[in-house]
Every structure is written in C-alpha cells, then in structure tokens.
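Results of the structural survey
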Amino acid sequence: MQYGYFDDDAREYVITRPDTPYPWINYLGCEDFFGLFSNTSGGYCFYRDARMLRLTRYRYNNAPIDAGGRYFYLRDGNDSEADVWTPSWMPMKSKLDRYECRHGMGYSRISSSRNGLAFSQVSFVPLRDKCEVHRITLNNESNTDKYVDMFSFVEFCLWNANDDMTNFQRNFSIGEVEIECPPEGSSAIYHITEYRERRNHYAVWGVNAPVNGFDTDRQSFLGLYNGFDSPDAVFQGQAKDSIASGWAPIGSHYIKLKLSAGESKTYVFVLGYCENPEDQKCEAQNKINKKPARDLLEKYNTTEAADKALAELNDYWKNLLGRFTVDPFSLTRADDIKMARMAGVWNQYQCMVTFNMSRSASYFESGIGRGMGFRDSNQDLLGFVHLVPERARSRILDIAATQFPDGSAYHQYQPLTKRGNNEIGSGFNDDPLWLICGVAAYIKETGDYGILNERVPFDNNDELADTLFIHLKRSFDFTVNNKGPHGLPLIGRADWNDCLNLNCFSKTPGESFQTTANFESGVAESVLIAAIFAFVGPDYAEICRRTNREDEAEYAEYEIAKMIDAVNQHGWDGNWFLRAYDAYGKKIGSSECEDGKIFIESNGFAVMAGIGVQDGRAVTALDSVKEHLDTKYGIVLLQPAYKDYHLELGEVSSYPPGYKENAGIFCHNNPWVTIAETRLGRGTRAFETYAKICPAYREDDSDLRRMEPYVYAQMVAGKDAVRHGEAKNSWLTGTAAWTFVSISQYILGVRPVFDGLLIDPCIPSDMKGFAVTRHFRGAEYHITVENSAGVEKGVKSITVDGNPHDGNVIPVFNDGKTHKVFAVMG
Ligand code: GLC
Ligand code: GLC
C-alpha cells in the first residue's frame, strides 16, 4: 500500500495520510542550521552540532513515537463546546477532514482542515539564516464567522542534548526565559538558559503579531500529568502567562483571532539561534542583548518576506539539481521514471543531507553520539562533490587535518571543534584510503590540482602541517606499511565493516566492540582493504603522474601490483573472494567456514578494482554473490548468518540473524556489486541490483518497508529475519552517495575522469536510450544515449555538437555553453 505519491514537477513527495508506517521525515537547512521535520510536524532543530547546540527537545524511544516538534493547537469556537485539534494530526491524533504533507527540497508543507477551518504550514530554514521559519495560514472555509484560539508550542532543549537527558539534578534548576510581548508588533519568547554564565547564545521563538498571552513553563501549559495531546491551557482556552524558572522551559504563543466567512490570516513564526560577541552579551544586568533576535524577527516579519526567502530556497535547489538531471521524456520503459526521480532529485537531495550530517542526527541517530566520520564523510563526498564543489573542498581539508603523521586517522571528529574524537580514537585501517578516494573524486570533478598544495595539519597540529599531497601519500603508505602474514592489509579494529572486530575479544556486556580492542594480533587481515587499495591506488598513481611525480607513480603501481598478487594468492576461495583472516590466521568468508562462508564486500570491491576480470574469476565471484546472497529486496551482507556469538569475530556475530551486518541487506555495499556488474558489462543485472534497494521501486510496499519511499535506508532486514524486507535507519547512510555514483556514473555511465566526462553506459538491453544533463567544469553537457541495438554496454559512435568524436571522453569546455553529445551504443 502507498501512503502518498511523488509530485515530480514540484520535486515533492506528497504524503496523503498522517499515520505513515513510521514517521516520514524531511531535513530543513542546507549549511549550518538544521531541522528534522516529520510529516506530523515532529522533530527538532539545532545549530551546527546536534549534541552541543540543540534548540528543541526530542524524545527518542518515546511512546507514542515522534513526540515533540513545533506544534500548533487550534481551538475552534469560543465556548465550552469549542473544538480543540492539532492540524498536523500529532500530537492529538485529531480526526481531519483533509490532510496532506508535502516534503520538498529543504521545506515541508502540511495542510489540513476540520469543520471548515483550514490550516496550512510551510516550514523551512532560509538560506544563510540560523532559524526555522514557519508560515501559518488559517482560512475560514465555512460560511459563518469563526472565533479561533491558536497556541504555538515548542519545548526547549538546554543546549547540550546529552546533558539534557541525563543531568536532571542540575537541569531542573537552571531553565530561564525572557519575554517580550508588546501590544503592537512582534512577540518573542527567549530561551536563555546558561546565558548568565558561559554561553553567549540564546534561542528566540517569535511571531510577527501581538499575542493574547504566552506560556514558558511546561507544567503550567500542559498540566503535570498531561501529555502533549491534552494541554490544559488549550482546553481552557487561556494561556497562563507562565514564566519558566527551572524545570522545563517551553515557548507557547497564544493568539485569539476572529475569521469571517472566507477570511484567512497568515502568521510568520521564527525559531532562531542568536549569538552575541562576548563584550556585548547584555543590554542591562542579566538582560540579554536582544539585537540579533530583533533583527532576525524583523527580517521575517511579513508574509512576503517569508515567501521571498522560500522562493530563494527553491531557486537554490533548482539550480543545484540542474547539475545532473535525467530527462523523463527520454525514457523507454515505464518503470524508469522511478530511477529518474531518484537519480535526478531525491538521491542527490539525500547526498546533501548525508554530507551535512554524516551519521549524527536522524530518527535513528540521536545526534549525541557520533561526529563526522572519516570514512563516512569521504564517501559522502562522492555523491555531493558535483553539487557544491567548494564545500567538498573545505570538507576534505577538515577531514585530512584529523589524520595522524603515519597516515592513520581519527575515526571521527566533532563538527564544532573539527578536532578528532578521542573516545573513538583511531585504528580503523580502511580509513586512510577513503581520503584518496574522496580527493580523487574532487579532482576529477573540478580539475583543481591546486588542492594538493594546500597545507594541512596532521593531528590538528599546525606544527605538523604538510601539503594535502603528503597526506595522500601517508594514506597510501599506511596500507603498504601495515600488512599481515599473507601480505594483505592488517584490519586493525575494523575495516569498512565496523562489526568485523578481529582484534577485540569482548566478553563484557555493554563494552564497545570497536574501542575496546584489547590486542593487536598483527595477524588479522582484510581482503576488503586490499581491494579498496587496488581500486583507489590507480587514482593515486595517476594524480602523482599528472603532478610530475613519476617515481612516486611507479612506486604506487608496483605496490598495487603486489597487493593484487596477494589477493590472487591468498584472497581467493575457489568460487568467490575471501573476506579476511582472523587473529589466528583462520579464513573468514570461505566455504570452509560453518557460517559466514561468503561476504558481499570483498567480492563487490575486488571486481570494482578489476581483480579477476581477465581470468573469469570476477564473473564467478559475482555469480556466487547472486546465488548465495541475493534476495527480492537486495543483496545480504553474508551467508549463512552467524547463529552464535563468536568471540574472535566481534559485533558482526552479535546481531540476531538477518539484521545489520549479520546478514542484513546492508544497502551501502549493494552499489559496489552494481558497479562491479557494469565492469563486467552486465547491464541487466547491474540495473536489477540497483532497483532492488531503490526506495521508489518499493513505494507500494510501504507497509512492509516502513521507511520513506524517497530515501535510502542503511539496512533492510535480510532473509533470515522475521520481517524480511523491513527497512531501518533511513537517511544517514553511505548508500546515498554510492547509489548515486552507481546509477549516474556506471549505469547511465556519465563519469567524470581526469581529462573530461567519460560516456560509458551499461544498461539493460531493453532500455532503448536515455538523456542526461550534466553540468561539468563550467559547461553544460546534454547527453543523449541511443540503444536501438539493444546491447548492454559499448559505445559505437559519438558526436559532439554534431561533429564525430574519437573515443568516449568528452573534453572540458569550460565556456559556459551548452554542448550536445550524442552517443550510439552497439
Ligand atoms: C555504518 C557506519 C559506516 C560503516 C557501516 C558498516 O553505516 O557509519 O562507517 O562502514 O556502518 O559497518
Ligand atoms: C554498530 C552498527 C554499525 C555502525 C557502528 C558504528 O556497530 O552495527 O552499522 O557502523 O555501530 O559505531
């Protein structure tokens, strides 16, 4: 069953009933102020860091789910019969005559009505400002006058979201607010907890109208034993004008309005983050300096101003998404529209979100645990770099600064301080290679070799700074210098698979599987890291050659060849690639094993790197993947699932069979198989693996899948699980970047390379063609691919602007013009 539909022209997903199988959310904000916003107005917002600077409170793991958000309560009528309801359905689960939520690019719109009173809310974070804007319109669609009480509601978080949920002995005493609700003009509630001491920032919750009252103390507004679904103030039709002092500060405006038949009124609410310079913190003793808040509220104090900001946001996204589009009219198979809307819109949108959030704040990541991941952020770049290359550039420099002089790296860093995270530390031996992967993608996209000369600290220490090129060299050398008995890379605490913890023998419940690595065996090796090395290594060699480092290029090629030899000798199991060797030198991912005989990652990546392509083992490996790991909903990570906990394997065997790394469909690595299949020219199979995990293809299966049909999820339960096909952990996953790479660069085959744009499609034979627009290094490429021959791979001829073109790399034009590329497959 479906709970909505794609409105492709508007670039919106339209949810048509509020009781979706899980909250279906959107992200507001593009750069540093962000809001998570569900289809029933749940969620929270923060500035830059979801742990340290959280504006509003949110309860994960609550019953009911998704409690807390920016709520508006309506009380229709001015007597005891008045009808109280919440137009976003939650928190009252009000019966609505009409409901619709449109999640668009950086904004969401909820419209509903009940008894002739229509409500609409548009919520977004304007470009450049640190706030959420909520434009609320009430419309009397009945033919009699209506008297309506409207109450806004947000609950403030005391900034540090972790402390906010744990340190109650302090927190119940520190909450403070200020109020500014004059008879004319805007009204504002200020959340100023801790401003009196070390903070120089506060939150403002304002509306561009005078109010009839307010509340800032949760208990006064709700009643101590009431939930969000039955606030006393609303049911009584009277705000309490409460001033929070300790306990739980909230912000609620109370507005009484009369709407004649047919009349509508619009209000602009703003929830913002404001900062003052240290020496201008206060207007008077213990009175915050309100200037930045007043400026912000003034900026959005009319409907026109809010609409203008929304229009600007729309232009911003239209422009960004114009950088890669798939022309829906060029498609030859009915279902391909699903691919086009994902590749052209939603997949790229999700890539922006993963670039911004890494794995910090979603409905599955609480925003307090994890910073920016070294490995994750480098991979997120792959799907983002074509959108805003300048931001990718500065991200690369931030990430590289957390690398250690020996090439290893902090596994995570905090977005606020950009410092490596000591709690997690280092020792994930795949990390260094992802830096090469990210930088190569950046250079191929932009041609900016200058980035290699940027001086970047090691370990955030300026005295240890060297060029970015040297960082890449240290990355490369780290793998070369850290090999085990078979000449394969040592795995350390884990490689890409965080749960393959071969040097952590954990018996103590609650211990972290990754950070309590209790010995370094010097034995456990990863075939996956070897394959990643063989995949990114050639880009490193090429970068060396193109920057006149011929000796280094030759050294790199020598080391890559050696690594491939090691994989050939010790990484092949007969019908597929092995996964690893454990601390005792025993095979993992081998037919000799009882469980975990075959893994997806090493097979996908080895073939991506071209290992075994010439001698046919690549075909054998991918056929084995299909035979043993494939399911209706995607390819599972391993088989058979581990039935028991294995001390020597770690977290992978801790999950019940079918979930997460223990044989779940861990979507992130499915596109590796897709790309590998294109390497073998098997377009039909490549597309099949793409479509299986693509959410738009499972839209009418939403009751089982449960997650948003417009974004990828990290995991779909595998065939060993009870609810095979159920997705979890939507939004923040490397799946976004890798699927975008797989569809845009390898299936449709429009791939940035060092010298230009390569046209190398690998598609199903019944796909008769397609057209793509790609913005690339200062020009626009309109690419049409024609496949009347019905092949899966191979370009027979190409014309550029009508002239025959040799080979399939289209040059860099950089002339601000549009160029027409016409490719015929055959
Ligand atoms: C999570 C992590 C990622 C890791 C993957 C597999 O998605 O964010 O870094 O590679 O799990 O364990
Ligand atoms: C758990 C998850 C894995 C994730 C890791 C991050 O191990 O299973 O997916 O990468 O946590 O800490």
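Residues numbered from 1 in each chain as written. Chains lettered and ligands numbered in written order. Predicted model: local features only at pLDDT ≥ 70, side-chain atom pairs only at ≥ 80, totals over all residues. Heavy atoms only, no water.

So, about the environment of T547. With respect to the helices and strands, the residue T547 is situated in the loop between α12 (527-546) and α13 (550-570). The spatial distance from the C-alpha of T547 to the C-alpha of L452 is 9.3 Å, given a sequence separation of 95 residues. Leaving out residues up to four positions away in the same chain, T547 has contacts with Y449 and L452. (Helix = DSSP H or I, 4+ residues; strand = E, 2+ residues; numbered from the N terminus. Contact = heavy atoms within 4.5 Å.)

To continue, consider the site of ligand 2. Around ligand 2, the structure places R370, D498, C499, Q514, E651, Y655, K660, E661, F666 and Q714. A distance of 2.7 Å separates an oxygen atom of ligand 2 from a polar atom in the side chain of E651. Contacts to ligand 2 include Y655, whose side-chain N or O atom sits 2.6 Å from an oxygen atom. Its free accessible area being 300 Å², ligand 2 has 79% of it covered by the protein chains. Considering only residue class, the shell around ligand 2 consists of three nonpolar, two polar and five charged. (Near = heavy atom within 4 Å. Polar contact = N/O pair within 3.5 Å; in protein donor to acceptor, adjacent residues only side chain to side chain. Areas by Shrake-Rupley, 256 points an atom, 1.4 Å probe, with all protein chains shown as cover. Nonpolar A, V, L, I, M, F, W, Y, C, P; charged D, E, K, R; others polar.)

What follows covers unusual backbone geometry. Following A63, the chain continues to P64 via a peptide bond in cis, the omega torsion being 0°. Mapped onto the elements of the fold, P64 is located in the loop between β6 (54-56) and β7 (71-76). The amide bond that connects M90 to the next residue, P91, takes the cis arrangement and shows omega of 5°. For P91, the position within the fold is in the loop between β8 (83-85) and β9 (98-103). Located in the positive-phi region is N286, a residue other than glycine, with phi close to 60°. Note on placement: N286 falls in the loop between β20 (282-284) and β21 (287-288). Taking the relative accessible area as the measure of exposure, N286 reaches 45% and is therefore partly exposed. (Buried < 20%, exposed > 50% of the residue type's maximum accessible area, 1.4 Å probe, protein only.)

All right, on to the site of ligand 1 then. With respect to spatial proximity, the complete set of residues near ligand 1 consists of R359, R370, R375, D376, W496, N497, D498, E661, F666 and Q714. One nitrogen or oxygen atom from the side chain of R375 is found 2.8 Å from an oxygen atom belonging to ligand 1. E661 has a polar side-chain atom sitting 2.5 Å from an oxygen atom of ligand 1. Taken by itself ligand 1 offers 300 Å² of open surface, and the protein chains cover 96% of this.

The next subject is the packing of aromatic side chains. In the structure shown here, the tally under the stated rule is 57 aromatic pairs. Between W434 and F605, the ring centres sit 5.9 Å apart and the planes meet at 75°, which makes this aromatic pair edge-to-face. Linking W434 in helix α10 (residues 431-446) with F605 in helix α14 (residues 600-608), this pair joins segments that are 171 residues apart in sequence. Classification of W434 by relative accessible area gives buried; the value is 0%. An aromatic cluster is built from Y3, F6, Y13, W24, Y27, Y316, W317, W346, Y349, Y710 and W731, whose rings are joined through pairwise contacts. (Phe/Tyr/Trp six-rings, centres within 6.5 Å; stacked < 30°, edge-to-face > 60°.)

Turning our eyes to something else, we now look at the pairing of strand β44 (residues 818-825). Sheet topology note: the strand β40 (residues 779-786)/β44 ladder contains seven bridges and is parallel. In the sheet register, V785 faces β44, and the bridge partner there is A823. Bridge analysis of strand β41 (residues 795-800) against β44 gives five bridges, and the strand direction is antiparallel. Within β44, the residue paired with S797 across the bridge is V824. (Pairing = 2+ DSSP bridges.)

Moving on, we come to the sheet that holds strand β38 (residues 756-759). Each strand in a sheet pairs with its neighbour through backbone hydrogen bonds, running either in the same direction (parallel) or in the opposite one (antiparallel). One open sheet accounts for three strands, arranged β37-β38-β43; its pairing is antiparallel. On the outer flanks of this sheet lie β37 (750-753) and β43 (809-811), each paired with one strand and no other. When strand polarity is set aside, the average angle formed by the axes of neighbouring strands in this sheet is 35°. As paired elements, β38 and β43 share three bridges and run antiparallel to each other. (Axes fitted to C-alpha atoms, helices over the stretch in contact; angles between N-to-C directions.)

Moving on, we come to a nonpolar patch on the surface. On the surface, F168, F172 and W247 cluster together into a nonpolar patch covering about 330 Å² of accessible area. With respect to the helices, strands and loops of the structure, W247 is situated in the loop between α4 (232-236) and β18 (249-259). Residue W247 is classed as exposed on the basis of its relative accessible area of 52%. (Patch = residues over 30% accessible without salt bridge, like charges linked within 9 Å, V, L, I, M, F, W, Y side chains within 5 Å. Salt bridge = Lys/Arg side-chain N within 4 Å of Asp/Glu carboxyl O.)

Now for the state of the cysteines. Across all of its chains, the model carries zero disulfides by this definition. C131 provides the cysteine sulfur closest to C274, a residue in no disulfide bond, and the two sulfurs are 8.5 Å apart. Here C667 is not cross-linked by a disulfide; its sulfur's nearest cysteine counterpart is in C694, at 10 Å. The exposure class of C667 is buried, given its relative accessible area of 2%. (Disulfide = S-S within 2.5 Å.)

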